Structure formats: structure tokens, C-alpha cells
Amino acid sequence: QVQLVESGGGLVQAGGSLRLSCAASGRTLYGMGWFRRAPGKEREFVGTINMSGDRTYYTNSVKGRFTISRDNAKNTVYLQMNSLKPEDTAVYYCAATRNSWSARGDEYDSWGQGTQVTVSS
């Protein structure tokens with residue numbers, strides 16, 4: 001397994017930006033994903049990036065606003081979030097999958113502890 005630690009969450013006004021980081025240790029050649037859970041809602045897929053970092057896939061609600069990238073030399077994955085909306089408020093989790101990439105939470109076997117993102121209107 002790989003150990004994951006997220007950082008970069010916080011409070012931001014609508015229209016603002018945040019960049020989340022996910023530092024990985026252990027075996028790091030994994031596809032990576034970002035998920036989020038809003039209060040009272042199910043966990044939601046946000047986006048995923050393949051092992052080499054040249055392919056990404058996003059849920060429709062964040063396309064054009066969020067960008068996932070990775071720096072394998074630093075064992076870190078990033079989620080750049082622009083044009084944030086109040087409905088983006090959630091705890092954001094990064095996760096690692098042995099697959100190249102995946103939008104399915106049940107295909108991820110390592111999860112971080114989460115970081116809170118709050119977007120005020």
C-alpha cells in the first residue's frame with residue numbers, strides 16, 4: 001500500500017482558487033484520484049490521473065475548473081481548483097489505485113485522511 005497525506009484545504013470565497021496537494025510514500029507507481037464528500041452526501045468522484053500523468057478524466061461538474069497534475073519525482077499529486085463555487089464545499093480525499101486510473105471509488109485501495117475545502121458565497 002501507499003500512504004497518502006493531503007494538504008492545502010481552507011476557506012475561500014466563491015470565484016477563488018485553491019491548490020490541494022497529496023504527498024505519497026511507499027510504493028508510488030499508482031493511478032491517482034481525487035474524491036470529495038459534502039455534508040450529508042455520498043462520496044463523489046472528482047478526477048483521476050494515470051501513472052505517467054499524461055491522461056486525466058474529470059466529473060462533469062468540475063471540468064474546465066479543476067486540473068489534476070502529478071510530479072512523480074516528488075511523489076505528489078495536485079488538484080488545482082479555480083472558479084470555486086459554494087457547492088464545491090466538501091472534504092477532499094486523494095486515493096491510489098493499482099489500475100492505470102479509475103473513476104470508481106471501490107477500485108482505490110489507499111486513501112488519505114482528507115482536507116476540508118469551504119467556499120463561501
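Rules used throughout
- Residues numbered from 1 in each chain as written.
- Predicted model: local features only at pLDDT ≥ 70, side-chain atom pairs only at ≥ 80, totals over all residues.
- Heavy atoms only, no water.
- Phe/Tyr/Trp six-rings, centres within 6.5 Å; stacked < 30°, edge-to-face > 60°.
- Helix = DSSP H or I, 4+ residues; strand = E, 2+ residues; numbered from the N terminus.
- Buried < 20%, exposed > 50% of the residue type's maximum accessible area, 1.4 Å probe, protein only.
- Lys NZ or Arg CZ within 6 Å of the ring centre and 35° of its normal.
- Core = buried A, V, L, I, M, F, W, Y, C linked by side-chain atoms within 4.5 Å.

Trainee: Describe the packing of aromatic side chains, and please don't skip the residues or the numbers.
Mentor: In the structure shown here, the tally under the stated rule is 5 aromatic pairs. Residues Phe 35 and Phe 45 carry aromatic rings whose centres are separated by 5.7 Å and whose planes lie at 70° to one another, so their mutual orientation is edge-to-face. With a gap of 10 residues between them, Phe 35 in strand E4 (residues 31–37) and Phe 45 in strand E5 (residues 43–49) connect regions that are remote in the sequence. Among the residues examined, Phe 35 registers a relative accessible area of 2% and is labelled buried. An aromatic cluster of at least three residues, connected via ring pairs, comprises Phe 35, Phe 45, Tyr 57, Tyr 108 and Trp 111. In this arrangement the basic side chain of Arg 43 is found over the ring face of Phe 35, its NZ or CZ atom lying 5.6 Å from the centre.

Trainee: Run through the nonpolar core, naming residues and quoting values.
Mentor: Ranked by size, the top nonpolar core spans 27 residues in total, and within it Leu 4, Met 32, Trp 34, Phe 66, Leu 79, Met 81 and Tyr 92 carry the most contacts. Elements supplying a minimum of two residues to this core: strand E1 (2–7), strand E3 (18–26), E4, E5, strand E7 (66–71), strand E8 (76–81), strand E9 (90–97) and strand E11 (115–120).

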